[in-house]
Amino acid sequence: MKVDQQKEGAIYAALSYMMWGVVPVYWKFLQGVGAIEILAQRVLWSFVFMLVLLMFMKKWQAFLDYVKNILGNPKLFTALLTASLLVTANWGVFIWAVNSGRILDTSLGYYINPLVSVLLGVIVLKEKLSGAQIISFMLAGIGVLILGIHFGTIPWISLVLAMTFGLYGLAKKMIKAESAIGLTLETMMVTPLALGYLIYLMNRSEMQFFTDGSTSLLLVGGGIATALPLLYFAKGAEKIPLSMLGIFQYIAPTLSLLIGVFVYHESFTKAHLLAFLFIWSALAVYTLSITKWGQASARRFKGKGNIGA
């Protein structure tokens, strides 16, 4: 039974990361719409979709109870607001980057995101770095530095995406809400901002939502495209080990990289190749260090060092 559960969990996890990997194609269909309007519509329709889904999942009462809990807990309210603003910023930069022909930058951002999460754990939670993690940071740092030197500018899109998502994960640790309820709460917090911006566009007759039926459907569908992979991810995370989930997370940026290069023909220079090789090496070292085999090897190595001393 456990093996079957792990297989099911692996399928859900793989599907979620595959959907995240190909989502740039979806936003490319909306290239004629402004990035901020896409973001506002994404927030609004994600919230609407999640409200409907909660009713079907019979989690409406649990959602209302959590809302009451938040209103009576300023610390929790602040954490939720922070998480909402961070994930909204992440979505906004991602959409803008995709529709500006910068899919490779988004791919790089999500490759280095696990390392940023570890770094935030060290800075904020006072966690200790292992030797393998230090090597990973050095390799990833060299990769980012190569791009900075070659292009004469820091890859800010990649770093902003990695930092906002890493900080978002940190804020989520305080919220501890079930994934469906969590996403509903996060989108609920920023929906007033989204509605305000859409009303502003409507008053100026600049809103693209009503231009044609296909654009409207795609904007509404953005809510489903946002929520569905998250729900699949939650189902997968319940049934497979964290180490396996950590390996699956590289599916999304790999697919985005391939789409950027082979579908949208973004420039992939020798500097990109060298930088990505360093970052892939960093991820290989990091991933190996969090597996049982890697941890056992580290303990054996440490034991030998103690004997020699």
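Residues numbered from 1 in each chain as written. Predicted model: local features only at pLDDT ≥ 70, side-chain atom pairs only at ≥ 80, totals over all residues. Heavy atoms only, no water.

### Focus: the overall build of the protein
If you tally the helices and strands in the protein, you get 13 helices and zero strands. Across the protein, helices and strands are ordered from the amino to the carboxyl terminus as α-α-α-α-α-α-α-α-α-α-α-α-α. For 309 residues, the compact-globule estimate of 2.2 N^0.38 gives 19 Å, and the C-alpha radius of gyration of the protein, at 21 Å, lies within 12% of that figure. Dimensions of the protein, computed from C-alpha atoms along their principal axes, come out at roughly 75 × 45 × 40 Å. Across the 309 residues in the protein, those meeting the buried criterion constitute 45%. (Helix = DSSP H or I, 4+ residues; strand = E, 2+ residues; numbered from the N terminus. Rg over C-alpha atoms; globule rule 2.2 N^0.38 Å. Buried < 20%, exposed > 50% of the residue type's maximum accessible area, 1.4 Å probe, protein only.)

### Points about the pattern of salt bridges
By the definition in use, this model includes four salt bridges. With a shortest N-O distance of 3.0 Å, E178 and K59 are connected by a salt bridge. Residue E178 is located in the loop between helix 7 (156-175) and helix 8 (179-203), and its partner K59 is located in the loop between helix 2 (35-56) and helix 3 (60-71); the two are separated by 119 residues in the primary sequence. The partner of R102 in a salt bridge is D105, with the nearest N and O atoms 2.7 Å apart. You can call R102 partly exposed: its relative accessible area is 31%. On the basis of relative accessible area, D105 is assigned to the buried category, the value being 14%. (Salt bridge = Lys/Arg side-chain N within 4 Å of Asp/Glu carboxyl O.)

### Quick notes on helix 3
Here helix 3 contains 12 residues, and its C-alpha end-to-end distance of 17 Å stays within 8% of the 16 Å for a straight helix at 1.5 Å per residue. The set of residues buried in helix 3 consists of F63, Y66, V67 and I70. Along helix 3, the residues classed as buried sweep out an arc of 105° about the axis, all on the same side. Where helix 3 is buried, its residues meet helix 2, helix 4 (74-99), helix 7 and helix 8. (Expected span 1.5 Å × (residues − 1). Arc of directions from axis to C-beta. Contact = heavy atoms within 4.5 Å.)

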